[in-house]
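Chain by chain, the residues run as shown.
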Amino acid sequence: MNRFLDLAAERRSIRKFQDRDVPDEDIKYFIEAAVRAPSGCNSQCWKFVAIKDREIIKRIETAVIEELDKILEIKRSQLSEDYLNSKRKAVSFFAKAPLVIAVFMTKAEFYDKTMVLALKERGLDDKGIMDLFANYDLLSIGAAVENLLLAIQEKGYGACWMNEPAIAAERIKEILEMDKDDRFISLIPVGVPAYTPRDKKMKELSEVFKML
Ligand SMILES: Cc1cc2nc3c(=O)[nH]c(=O)nc-3n(C[C@H](O)[C@H](O)[C@H](O)COP(=O)(O)O)c2cc1C
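Keep in mind it's a predicted model, so treat the numbers as computed, not measured.

**Here we look at the packing of aromatic side chains**
The way to describe two aromatic rings as a pair is by their centre distance and the angle between their planes.
Then comes step 1: All told, the structure shown has five aromatic pairs when counted by the stated rule.
Then comes step 2: Both rings, one in Phe-110 and one in Tyr-111, keep their centres 5.0 Å apart while their planes meet at 50°; by these two values the pair is tilted.
Then comes step 3: Given a relative accessible area of 13%, Phe-110 falls into the buried group.
Then comes step 4: A centroid spacing of 4.4 Å and a plane angle of 5° characterise the contact between Phe-110 and Phe-133, whose relative ring orientation is stacked. Residue Phe-110 is located in the loop between strand S2 (99-105) and helix H5 (113-121), and its partner Phe-133 is located in the loop between helix H6 (126-132) and helix H7 (136-154); the two are separated by 23 residues in the primary sequence.
Then comes step 5: Aromatic ring contacts, followed pair by pair, group Phe-110, Tyr-111, Phe-133 and Tyr-136 into a single cluster.
Then comes step 6: Over the ring of Tyr-29 we find Lys-155; its NZ or CZ atom is 4.2 Å from the centre of that ring.

**Focus: the site of the ligand**
Then comes step 1: Around the ligand, the neighbouring residues are Arg-11, Arg-12, Ser-13, Arg-15, Phe-93, Cys-160, Trp-161, Met-162, Asn-163, Glu-164 and Lys-200.
Then comes step 2: Interatomic distance of 2.7 Å between a side-chain N/O atom of Arg-12 and an oxygen atom of the ligand.
Then comes step 3: In the environment of the ligand, an oxygen atom lies 2.9 Å from a nitrogen or oxygen atom belonging to the side chain of Arg-15.
Then comes step 4: About the coverage of the ligand: the protein hides 64% of its 620 Å² of free accessible area.

Rules of the game
Residues numbered from 1 in each chain as written. Predicted model: local features only at pLDDT ≥ 70, side-chain atom pairs only at ≥ 80, totals over all residues. Heavy atoms only, no water. Phe/Tyr/Trp six-rings, centres within 6.5 Å; stacked < 30°, edge-to-face > 60°. Buried < 20%, exposed > 50% of the residue type's maximum accessible area, 1.4 Å probe, protein only. Helix = DSSP H or I, 4+ residues; strand = E, 2+ residues; numbered from the N terminus. Lys NZ or Arg CZ within 6 Å of the ring centre and 35° of its normal. Near = heavy atom within 4 Å. Polar contact = N/O pair within 3.5 Å; in protein donor to acceptor, adjacent residues only side chain to side chain. Areas by Shrake-Rupley, 256 points an atom, 1.4 Å probe, with all protein chains shown as cover.

Structure below.
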């Protein structure tokens with residue numbers, strides 16, 4: 001029995017959902033799983049917002065589509081209506097899910113202040129220091145989101161981790177009344193899947209793994 005491998009393999013991105021509510025106790029379970037993830041310096045540099053309010057979801061959808069249209073404006077004369085419509089759908093399908101979880105990243109402080117001062121003397125700023133440590137704040141968010149997705153899968157729901165809505169990051173932050181330093185990362189639509197996804201192409205293990 002390989003329960004974990006089965007769960008990890010069964011988790012797939014789901015982009016269409018049945019019209020069925022996700023009860024609050026299930027949402028709480030997903031978040032409890034997410035916040036148990038490891039995080040750099042135990043910073044727990046995350047915030048989650050679970051949104052079921054249709055009006056709020058609609059406002060986010062409008063913001064994302066408007067920002068997409070602004071980005072594509074420069075290419076507008078070369079783009080077909082088909083491309084535009086399919087792109088609008090691709091960035092906004094979250095709005096048809098019964099639940100959308102927004103993920104934000106908060107400031108993560110490096111635990112060793114002496115090291116930070118020494119690195120600053122060598123000319124690195126805060127961003128340079130984060131880069132040096134492989135952006136452990138973003139890595140931590142990744143760990144939490146994967147926990148979240150696996151908990152969602154375990155409870156019989158589907159979800160899709162979406163970063164494209166970040167084109168409207170500032171507007172989403174405002175709509176959800178987040179703090180100034182919170183950085184929008186992702187939207188995750190969640191619900192009972194309305195279809196079974198096709199098998200995905202996988203790289204061979206030998207391409208991505210070696211044993212020495
Ligand atoms: C960081 C990240 C961002 C993603 N952003 C999007 C997105 O904006 N829109 C989307 O439809 N899928 C998005 N995906 C889903 C990927 O397309 C999907 O995970 C990949 O094709 C593998 O398919 P699977 O999730 O079914 O295994 C994202 C996945 C990750 C990990």
